[in-house]
Protein chains: 4
Amino acid sequence: MDRNQTEADEIATLRAATHASLRPSVPALEALLFTPQPVLDHGFVRVIDYMGDDNAIVQAARVSYGRGTRRVSEDEGLIRYLMRHRHSTPFEMCEMKFHVKLPIFVARQWIRHRTANVNEYSARYSVLDREFYIPAPEQLAVQSAANRQGRGEPLSAAQANQVMALLAEDASRCHAHYLELLNEDEEGKVRDPARPAVARELARMNLTLNTYTQWYWKCDLHNLFHFLALRADPHAQYEIRAYAEVMMRIVEAWVPMAARAFRDYRLHAASFSAPMLAVLRRRLAGEAVSPESSGLSKREWAEMEAALAPSAQ
Amino acid sequence: MDRNQTEADEIATLRAATHASLRPSVPALEALLFTPQPVLDHGFVRVIDYMGDDNAIVQAARVSYGRGTRRVSEDEGLIRYLMRHRHSTPFEMCEMKFHVKLPIFVARQWIRHRTANVNEYSARYSVLDREFYIPAPEQLAVQSAANRQGRGEPLSAAQANQVMALLAEDASRCHAHYLELLNEDEEGKVRDPARPAVARELARMNLTLNTYTQWYWKCDLHNLFHFLALRADPHAQYEIRAYAEVMMRIVEAWVPMAARAFRDYRLHAASFSAPMLAVLRRRLAGEAVSPESSGLSKREWAEMEAALAPSAQ
Amino acid sequence: MDRNQTEADEIATLRAATHASLRPSVPALEALLFTPQPVLDHGFVRVIDYMGDDNAIVQAARVSYGRGTRRVSEDEGLIRYLMRHRHSTPFEMCEMKFHVKLPIFVARQWIRHRTANVNEYSARYSVLDREFYIPAPEQLAVQSAANRQGRGEPLSAAQANQVMALLAEDASRCHAHYLELLNEDEEGKVRDPARPAVARELARMNLTLNTYTQWYWKCDLHNLFHFLALRADPHAQYEIRAYAEVMMRIVEAWVPMAARAFRDYRLHAASFSAPMLAVLRRRLAGEAVSPESSGLSKREWAEMEAALAPSAQ
Amino acid sequence: MDRNQTEADEIATLRAATHASLRPSVPALEALLFTPQPVLDHGFVRVIDYMGDDNAIVQAARVSYGRGTRRVSEDEGLIRYLMRHRHSTPFEMCEMKFHVKLPIFVARQWIRHRTANVNEYSARYSVLDREFYIPAPEQLAVQSAANRQGRGEPLSAAQANQVMALLAEDASRCHAHYLELLNEDEEGKVRDPARPAVARELARMNLTLNTYTQWYWKCDLHNLFHFLALRADPHAQYEIRAYAEVMMRIVEAWVPMAARAFRDYRLHAASFSAPMLAVLRRRLAGEAVSPESSGLSKREWAEMEAALAPSAQ
């Protein structure tokens, strides 16, 4: 496609121009800058800009604690302390700006994170491309019986093919009719000068929720970690998790110390309620506590067991 | 419909039960409480709860200004002063909770207002009803030539009918296939026990953007006014403006003094830039300023003229 | 004092007037409405208004989950599920407005909670009363050696008396000079018509940080719980904790189910990091893990032991 | 002072190290980076980091408007359009991080801007230096008669000297007693090993509100403009305005196009209410409207006249 070539050329130009600055830079992140990291079938995440690094977190903490931080001699130790005790403001001193291409139904989950800045492609102004998300066969699964909001077993190959065909057909037809309403062809040219072009803000309502949109999304590191804690979690829907996982790798290149602390104290940590702690104490004292004698609900018991299972990360 | 009857019964029950409270209540708003105010073809806005009234704004301002406010003897004068000088915090002391039913593409515009609380119907958990927005013929218009994001002339009756039929057909087919993926009929019963039910979180991507969703949306009065200033404005898309106008009438029943001040100082006010003020001064001094001699861009000149036109509200 | 009598009369008047509303009310909270709950030596917290109750949380969750929630038959079970899984938006549907009188140094900690609405008494407009916080002897303690931001052992009675005298003397002198700058006496009358009155916005800078201020502070229940989790915690400074504890009791009167869930899953819960979970698994498997063999830092080991100690709530 | 020398050395080191990055940099801002810009008697503002430039605003707008923006050929025209129409989200794509030293009473006004990230020096952890703000004689003024929150005429030289002496004496004595409570001398050494050191979190309450504190403060450009619109305004208290004016000059070095648009459409613009617009129309039609025949309140009339006065900027 011509347009894709143009974008690739623009990125190559951006990546070829180095600028001198007094601001510290992060070489491992610079290596990723501007380049789209593919997600799903047509989506991507790319870093457009960033501010700060591991050291900026430490520096902000030292402003807060003043002379008091002299004792914490090591930077990583300080970052881990901040993460463990939910001293979140130093993490807010780092900022990242992403360019993301994503299906509309994923965008609708994502936008619920309010503490971020967003500029989304507007279908009131411009025409959306003919690109929709069609899940890969291994992602097509039945409704979970155990989890009302999740997926269970994958479909058979034949069933998956049927579903994919149906999704592709409906999305294509809806987009074709959308262009028909706009009286435009795929290249954006007027089809029939004698016919009216329905307003873009109206025509777009005919599109399906798997149509791709795109946005700039900017967020500080504290709120980015909050996003990742929810969206890189196994309970998150696969499609948004796919984005979160790519972003997690970007964060690891950017702030490796903070990313390690986040994994240990948030992503792979577990919260034990007061009733669970009581059970733990009994077990550590040698008592064989059964689900029945635990005083926990079945669901809580299962959650505690899952957190303590060796297979948990 | 059975479900509609159930909802009507629930509302009647709620409206029949009066509770005693030390909190002040607003009779004109109580008359509207819980009852859906229709918007578009299947949408509604209804007030679920509220906190505060005109007097709560005054009371909060008097806390800020302490003895200093004794001079402003009249409540409405104080409210107008606060509105004029953008002293916004007293307005934040009032809060309203709405239940709204709205097309997804409208919800996507609405959610951009971040300073609000939202609980939206989740299509990961539950099945969306077969209800979509089809614009009335008088709302179907061509793309505006003057305004890249707006509508121009309405379509002819024949053209409008064609568009409505196309929108209805695509939305219906997509929803039918959605139920087919879920292996459910319209009543939510399993269609074919031998077939798998695709996960709800996947099947929903086949729906069109005019499908109705619903949410609880809660906002303080300052941010509600900000929402109304943007969305009750003639530049807003008709479909969200239809909601804003119903909400504006609700606000007038709730806080009549603040609503009047909002109309005078925000909704029907105009901002004049430094260059426009320079032109105004010349004109008031008797000079006949032309667009060319004004130093304004064409677009700014037109905006100034529009603000000064007698036809403006 | 005359002014105190006036305020008491106003509260009595407010408490005598019952209003009918279709909004549900909470009798246990109505019993507290408007009445100041004393905190510290001159401070108070009083509820001015509220919106919602336990049932409003359930109702908002059911909007989100739609038909999906029919299975969770019991309201308290649903609220506990929401709290445990950090589904925070239904808690945002409840709102409370407080009137608080508090020392300025406490206000400076409190205001860091950004997701709230505030109207503070303005010392640019009005004159601050001659009231300062002087800690009770049992609260006067030495700097903690273990915790760089905390208190250690209390002072001896003689030392405490000295400190209290010094604090009272400095605050009094500074306030007396403040009035002198304003050329006002304690009743707000001009002292010497021949002398100028320095601007209030300037004179106030002479006051000490233990001077009392007051504000209206409004917050949704999710953010109120976040405030309480941080400020009712033993690591919080005693003075703000004193406010948080009174507010916790108010919340218990207001939303008893949510308050219980908050105690179990937040306030008295503990988070175990990935490395701590590894240690726990080894201990539950019967291994005697020592601090040295645990792989944890000394500080983390101590934190884990504290969470598992029987004396922890 | 040793400490000042250390800080100067650190800044010189930072300014000597240039880093290569693919991120665009702004030479006019790089020239200011890290260097303290003095404000008031002991305060400063210095830029620690930044993200984005004028071009980043344009780039974000073009993502939103897609192909639709091709028509707006010129970048500055697009930025002015965005500013005029309050399309604020592209401005949110730029971010700046400041290090600020400021009196506590100024910090209390500043912190009311909630959409920012803050790390303040903590007097629970560390000891505050013996530095307080004493207004310059020309800033010492009487309470304004016209404006309940403002200043009027300056004091005479003799009166000003008296006030300055009183402020300096009270602040000094309070700080001396603060160190006495901490049992520390000015160099942070223990004074008397036999005496207890009162907890820092307690001792600090003896300080006056003109004591200097410091913080890192990070904000996006949209919210920074909002801050500047309120705080660079003549109605703002002089002391915070002094900071805003320095920050405005920094913003002009950073994003010159956006800064110009901000001056024209926000800082030096005026809002005319619906009743004022009616008066303007009558005057432009040649009618001699008097305050009495205008239908405006006295105060609104005066505000309109002020906006139209040639002396206004």
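Just above sits the structure.
Our subject in this report is the structure included herewith. (Residues numbered from 1 in each chain as written. Chains lettered and ligands numbered in written order. Predicted model: local features only at pLDDT ≥ 70, side-chain atom pairs only at ≥ 80, totals over all residues.)

1. Some words on the interface of chain A and chain C
The condition is simple: Our contact criterion uses C-beta atoms placed from the backbone: two residues qualify when those atoms are within 7 Å. Only DSSP runs of H or I with at least four residues qualify as helices, and only runs of E with at least two residues qualify as strands; both kinds are numbered from the N terminus onward. In this classification, Asp, Glu, Lys and Arg are treated as charged, Ala, Val, Leu, Ile, Met, Phe, Trp, Tyr, Cys and Pro as nonpolar, and every other residue, Gly included, as polar.
Counting residues at the interface gives 22 residues for chain A and 23 residues for chain C. Contributing elements (two or more residues each) for the side of chain A that touches chain C: helix H10 (256–267), strand E9 (270–272), helix H11 (274–284) and helix H13 (298–308) of chain A. No other element matches the seven residues that H11(A) contributes to the side of chain A that touches chain C. Counted by class, the side of chain A that touches chain C contains 12 nonpolar, four polar and six charged residues.

2. What about the relation of the copies chain D and chain A?
Rule in force here: The copies are overlaid by a least-squares fit using only the C-alpha atoms of residues whose pLDDT is at least 70 in both copies.
With an RMSD of 0.0 Å, the fit of chain D onto chain A corresponds to turning through 180° and sliding 0.0 Å along the axis. Seen this way, the second copy is the image of the first under a two-fold rotation axis. Judged by C-alpha distance, Ala20(D) is the residue of chain D that lies nearest the rotation axis, at 2.4 Å. A shared binding surface is used by both copies, with 100% of the interface residues of chain D retained as interface residues in chain A.

3. Let's talk about the pairing of strand E8 (residues 212–220) of chain A
Residue and element names in this part refer to chain A. To keep it simple, the criterion reads: A residue is called partly exposed when the number of other C-beta atoms within 10 Å of its own lies between 12 and 20, exposed at 12 or fewer, and buried at 20 or more, with C-beta atoms placed from the backbone. Any two strands with at least two DSSP bridges between them are considered paired.
Buried residues dominate E8, accounting for nine of its nine residues. Relative to E8, strand E4 (residues 95–103) runs antiparallel, the two being bridged by nine bridges. When the sheet's bridge partners are listed, Met-96 is paired in E8 with Cys-219. Pairing between strand E5 (residues 117–120) and E8: four bridges, direction antiparallel. Considered in E8, the bridge of Asn-119 is made with Tyr-216.

4. Concerning the packing of helix H6 (residues 157–182) of chain A against helix H6 (residues 157–182) of chain B
The condition is simple: With axes taken as lines fitted to C-alpha atoms, and helix axes fitted only over the stretch in contact, angles between N-to-C directions fall between 0 and 180 degrees. Angle categories are assigned with fixed cut-offs, so that under 35 degrees is roughly parallel, over 145 is roughly antiparallel, 65 to 115 is roughly perpendicular, and the rest are oblique. Left-handed is the label given to a crossing in which the near helix is rotated counterclockwise from the far helix by less than a right angle, and right-handed is the label when the rotation is clockwise.
Put simply, H6(A) and H6(B) touch, their axes get as near as 11 Å, and they point 170° apart. By the criterion of interaxial angle, the relationship of H6(A) to H6(B) is roughly antiparallel. For H6(A) against H6(B), the interelement crossing comes out left-handed. Along the contact surface, H6(A) presents Val163(A), Leu166(A), Asp170(A), Arg173(A), Cys174(A), His177(A) and Leu181(A), while H6(B) presents Val163(B), Leu166(B), Asp170(B), Arg173(B), Cys174(B), His177(B) and Leu181(B). Within the contact of H6(A) with H6(B), the residues separate by chemical class into eight nonpolar, two polar and four charged.

5. Brief notes about the pairing of strand E3 (residues 43–51) of chain A
All names here are of chain A. In terms of burial, E3 is a largely internal element, seven of the nine residues being buried. Note that strand E2 (residues 37–39) and E3 share three bridges and pair antiparallel. Opposite Pro-38, over in E3, you have Phe-44 as the bridge partner. In sequence, E2 turns back onto E3 through a hairpin of three residues, with Leu-40 there showing a positive phi of about 55°.

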